[in-house]
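# Chains, contacts and geometry: an overview
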Amino acid sequence: MLEIKCPYCGKRSQNEFSYGGDAAVKRPELGKEVSDKEWDNFVYLRKNPRGNHREFWHHVAGCRQWFKVLRDTSTHEIFKTARLDEEL
Ligand SMILES: [Zn+2]
(Lines give C-alpha, C1' and ligand atoms only; values in the text may rest on other atoms or scores of the structure.)
Protein backbone atom coordinates (compact mmCIF):
# COMPACT_ATOMS: atom_id res chain seq x y z
CA MET A 1 0.00 0.00 0.00
CA LEU A 2 1.35 3.39 -0.98
CA GLU A 3 1.43 6.33 1.35
CA ILE A 4 1.00 9.68 -0.35
CA LYS A 5 1.93 12.95 1.29
CA CYS A 6 -0.87 15.42 0.66
CA PRO A 7 0.63 18.95 0.73
CA TYR A 8 -2.31 20.03 2.91
CA CYS A 9 -2.88 17.03 5.24
CA GLY A 10 0.39 15.08 5.38
CA LYS A 11 0.90 11.35 4.79
CA ARG A 12 -2.23 9.31 4.18
CA SER A 13 -3.09 5.90 2.74
CA GLN A 14 -3.40 5.61 -1.05
CA ASN A 15 -7.04 4.57 -0.52
CA GLU A 16 -7.92 8.21 0.17
CA PHE A 17 -6.65 9.43 -3.22
CA SER A 18 -7.66 9.27 -6.84
CA TYR A 19 -5.27 9.53 -9.79
CA GLY A 20 -5.99 12.56 -11.95
CA GLY A 21 -3.80 12.12 -14.99
CA ASP A 22 -0.60 13.39 -16.56
CA ALA A 23 0.44 16.79 -15.15
CA ALA A 24 2.75 17.51 -18.09
CA VAL A 25 -0.03 17.81 -20.69
CA LYS A 26 -0.57 21.40 -21.86
CA ARG A 27 -3.95 22.58 -23.12
CA PRO A 28 -3.78 24.38 -26.49
CA GLU A 29 -3.80 28.16 -26.14
CA LEU A 30 -7.29 29.69 -25.97
CA GLY A 31 -8.36 31.52 -29.12
CA LYS A 32 -5.65 29.90 -31.21
CA GLU A 33 -6.59 27.82 -34.26
CA VAL A 34 -5.96 24.15 -33.47
CA SER A 35 -6.00 21.31 -35.97
CA ASP A 36 -8.13 18.23 -35.34
CA LYS A 37 -4.94 16.20 -34.88
CA GLU A 38 -3.56 18.63 -32.25
CA TRP A 39 -6.89 18.58 -30.37
CA ASP A 40 -7.09 14.78 -30.64
CA ASN A 41 -3.56 14.51 -29.22
CA PHE A 42 -4.45 16.84 -26.32
CA VAL A 43 -7.67 15.01 -25.41
CA TYR A 44 -6.77 11.37 -25.97
CA LEU A 45 -3.07 10.65 -26.37
CA ARG A 46 -0.88 10.14 -23.32
CA LYS A 47 2.63 8.84 -22.95
CA ASN A 48 3.21 5.82 -20.76
CA PRO A 49 6.70 6.47 -19.46
CA ARG A 50 8.79 4.19 -17.34
CA GLY A 51 10.49 6.20 -14.65
CA ASN A 52 9.77 9.69 -13.35
CA HIS A 53 6.28 10.96 -14.12
CA ARG A 54 4.49 14.16 -13.09
CA GLU A 55 0.90 13.42 -12.14
CA PHE A 56 -2.23 15.03 -10.76
CA TRP A 57 -3.79 13.42 -7.69
CA HIS A 58 -6.99 14.26 -5.85
CA HIS A 59 -7.41 13.80 -2.08
CA VAL A 60 -10.96 12.56 -2.49
CA ALA A 61 -11.49 11.17 1.04
CA GLY A 62 -9.68 14.01 2.76
CA CYS A 63 -9.32 17.71 2.06
CA ARG A 64 -10.59 17.25 -1.56
CA GLN A 65 -7.69 19.31 -2.92
CA TRP A 66 -5.85 18.59 -6.18
CA PHE A 67 -2.05 18.50 -6.13
CA LYS A 68 0.96 17.30 -8.14
CA VAL A 69 3.08 14.22 -7.53
CA LEU A 70 6.47 13.26 -8.96
CA ARG A 71 6.44 9.44 -8.97
CA ASP A 72 8.56 6.68 -10.46
CA THR A 73 6.13 4.52 -12.46
CA SER A 74 8.30 1.40 -12.22
CA THR A 75 8.94 1.44 -8.44
CA HIS A 76 5.98 3.65 -7.34
CA GLU A 77 8.42 5.66 -5.23
CA ILE A 78 7.10 9.17 -4.67
CA PHE A 79 9.86 11.76 -4.73
CA LYS A 80 7.87 14.92 -4.16
CA THR A 81 4.37 16.34 -3.88
CA ALA A 82 3.35 19.96 -4.37
CA ARG A 83 0.29 22.19 -4.45
CA LEU A 84 -0.87 23.23 -7.92
CA ASP A 85 0.67 26.69 -7.54
CA GLU A 86 4.07 25.29 -6.52
CA GLU A 87 6.94 23.98 -8.64
CA LEU A 88 7.31 20.22 -8.68
ZN1 LIG B 1 -5.37 16.48 1.78
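Anything mentioned here points back to the structure above.
Everything quoted here is computed from the prediction, not taken from an experiment.

The rules behind these values
Residues numbered from 1 in each chain as written. Predicted model: local features only at pLDDT ≥ 70, side-chain atom pairs only at ≥ 80, totals over all residues. Heavy atoms only, no water. Helix = DSSP H or I, 4+ residues; strand = E, 2+ residues; numbered from the N terminus. Buried < 20%, exposed > 50% of the residue type's maximum accessible area, 1.4 Å probe, protein only. Contact = heavy atoms within 4.5 Å. Lys, Arg positive; Asp, Glu negative; His and termini not counted. Charge placed at Lys NZ, Arg CZ, Asp CG, Glu CD. Phe/Tyr/Trp six-rings, centres within 6.5 Å; stacked < 30°, edge-to-face > 60°.

## Comments concerning the overall build of the chain
If you tally the helices and strands in the chain, you get 1 helix and 6 strands. Ordered by position from N to C terminus, the α and β elements of the chain give β-β-β-α-β-β-β. C-alpha extents for the chain along the principal axes are approximately 45 × 25 × 20 Å. Evaluated residue by residue, the chain yields a buried proportion of 27% over its 88 residues. Long-range contacts, defined here as pairs at least 24 residues apart, represent 40% of the contacts in the chain between residues at least 6 apart. Averaging the positions of the 16 positive and the 14 negative side-chain charges in the chain gives two centres separated by 4 Å.

## Topic: the packing of aromatic side chains
Going through the model one piece at a time under the given rule, you end up with 3 aromatic pairs. Summarising the aromatic geometry, the rings of Y19 and W57 are spaced 5.6 Å apart at their centres and angled 75° between planes, so their arrangement reads as edge-to-face. Of this pair, Y19 sits in strand 3 (residues 18–22) while W57 is found in strand 4 (residues 52–58), placing the two residues 38 residues apart along the sequence. Summarising the aromatic geometry, the rings of W39 and F42 are spaced 5.2 Å apart at their centres and angled 45° between planes, so their arrangement reads as tilted. A residue pair is termed a helical-turn pair when its members lie 3 or 4 positions apart in one helix, as W39 and F42 do in helix 1 (residues 36–44) at 3 residues. When its relative accessible area of 19% is taken as the criterion, F42 is described as buried.

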